Amino acid sequence: MTSSNPKRHFLRGVRDALPFILVIVPFGALFGVVAVEAGLNVVEVMSFSVLVIAGAAQFTAVQLMTENAPTLIVILTSLAVNMRMAMYSASLTPYLGQAPIWKRALVAYFMVDQAYALSQIKFEMERELTVSERFAYYLGTVVPLAPLWYGASYVGAVAGTQVPPALALDFALPITFLAMIAPALRTLAHVAAATTSVILALVLAWMPYGSGLLVAAIGAMIVGAQVELLMSRKALP
Amino acid sequence: MMIDHTTVWIVIIALAIGSFLIRFSFLGIVGERPMPEWLLRHLRYTPVAVLPGLVAPLVLWPAATGGMTDPARLGAALMTLSVGYFSRNVLAAILSGAATLYGLLYLLG
């Protein structure tokens, strides 16, 4: 385990990421199908998956575009979905901050939930790893994920137009997002944030251009952070 | 459907640049300086702050039924949420949600 061989850590990363293929492939295919149904062509679908490489934000953007939300609202709301990655970036910085700039840029491009989660745990548990071993492991985790994300999006986009309406694909997005949210409801603060988000979004649905969702999200973040503070103060003796 | 392709490209390019900058932010610019704790505390809640609000109207007022609350879709949503919460397994939650949706659509349809 304590080999100073980056190649070994790369292969370890590949192996650790394999189970996530089961999530990435259906999710990518679904994005292709939903985006084509919404009127995007295959080149646009692929540009989304290769350039943006962030499933939840991509789904959000397509959903808001079908609702004819103004372009700026589409962009801001989708970027808000990705703001969690600023947190990932911050928490990887102590481990990879000394890597050369091109390596850090590569880490940034491939920063997806699964690669972050695996790497964060690995780096925290194996403190003796060198920066290049850490980089090798991180890269290993994205090797099974990124190409399959592109490929699955492509298959979904090509197959998309042949999906009959009886499949009720309008509901694929809500189900996928709910499945992602539910396991994230780990603490009272997470539950409070999610509840606030739902209530505010419904109450503010009258606000023009989908701006109610942005207000709801900011409110929910503040509630989550405040509840966390409250709980940690309570936990003190 | 009527999506304007110029809009699509503006969104793709803006999201590509914006997402990269978010991911690069601390890693690229902050380097080894410590992060303010209050900022991290808010960022922690972004997924659970955005996604539930996005989904809630789609679950209660689906466009496919003209905005009328639909028992099949509502049932599927609740099933997905509970399986996801208790199993902590994204794939199991999606599959049971889809099974519930098709089951209820068949039974009620």
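Residues numbered from 1 in each chain as written. Chains lettered and ligands numbered in written order. Predicted model: local features only at pLDDT ≥ 70, side-chain atom pairs only at ≥ 80, totals over all residues.

Enquirer: Where do I start with the nonpolar core in this structure?
Expert: The nonpolar side chains of a soluble globular protein tend to be buried, and buried together. In terms of nonpolar packing, the biggest core is built from 113 residues, with I181 and A193 of chain A together with L51 of chain B touching the most fellow members. Looking at this core, the element that brings in the most residues is helix 2 (residues 21–37) of chain A, giving 10 residues. Apart from residues no more than four positions distant in its own chain, I181 of chain A is found in contact with A194 of chain A together with V48, L51 and P52 of chain B. (Core = buried A, V, L, I, M, F, W, Y, C linked by C-beta atoms within 7 Å. Buried ≥ 20, exposed ≤ 12 C-beta atoms within 10 Å, placed from the backbone. Helix = DSSP H or I, 4+ residues; strand = E, 2+ residues; numbered from the N terminus. Contact = placed C-beta atoms within 7 Å.)

Enquirer: What should I look at first to understand the domain arrangement of chain B in this one?
Expert: It is common to give the size of an interface as the accessible area lost on bringing the parts into contact. The assigned domain composition of chain B is domain 1 (1–44) and domain 2 (55–109). Each of domain 1 of chain B and domain 2 of chain B has a C-alpha centre, and the two are 30 Å apart. (Domains from an automatic or database assignment.)

Enquirer: Would you explain the domain arrangement of chain A in this entry?
Expert: Residue and element names in this part refer to chain A. With domains assigned, chain A is organised as domain 1 (6–183) and domain 2 (185–237). For domain 1 and domain 2, the distance between their C-alpha centroids amounts to 24 Å. If you tally residues by element for the side of domain 1 that touches domain 2, the top one is helix 5 (residues 71–82), at 4 residues. Classifying every residue of the side of domain 1 that touches domain 2 by side-chain character gives 8 nonpolar, 1 polar and 1 charged. (Nonpolar A, V, L, I, M, F, W, Y, C, P; charged D, E, K, R; others polar.)

Enquirer: Any chance you could explain the packing of helix 8 (residues 113–125) of chain A against helix 9 (residues 131–142) of chain A here in plain terms?
Expert: Pairs of packed helices are described in terms of their axes, by the angle between the two and the distance that separates them. All names here are of chain A. The interhelical angle for the contact between helix 8 and helix 9, taken along N-to-C directions, is 150 degrees, at an axis separation of 9 Å. Taken together, the axes of helix 8 and helix 9 are roughly antiparallel relative to one another. Helix-helix and strand crossings are classified by hand; for helix 8 and helix 9 the assignment is right-handed. Contact residues: helix 8 offers Q114, A115, L118, S119, K122 and F123, while helix 9 offers R134, Y137, Y138, T141 and V142. The class makeup of the residues in the contact of helix 8 with helix 9 is 6 nonpolar, 3 polar and 2 charged. (Axes fitted to C-alpha atoms, helices over the stretch in contact; angles between N-to-C directions. Parallel < 35°, antiparallel > 145°, perpendicular 65-115°, else oblique. Left-handed = near helix turned anticlockwise from the far one by under 90°.)

Enquirer: For this particular structure, what's the right way to read unusual backbone geometry?
Expert: Peptide bonds are mostly trans, and most non-glycine residues show a negative phi. Residues and elements named next belong to chain A. For I53, which is not a glycine, the phi torsion comes out positive at approximately 40 degrees. The residue I53 is located in the loop between helix 3 (42–52) and helix 4 (55–66) in this model. Exposure remark for I53: the 24 C-beta atoms within 10 Å place this residue in the buried category. One non-glycine residue, N68, adopts positive backbone phi at about 60 degrees.

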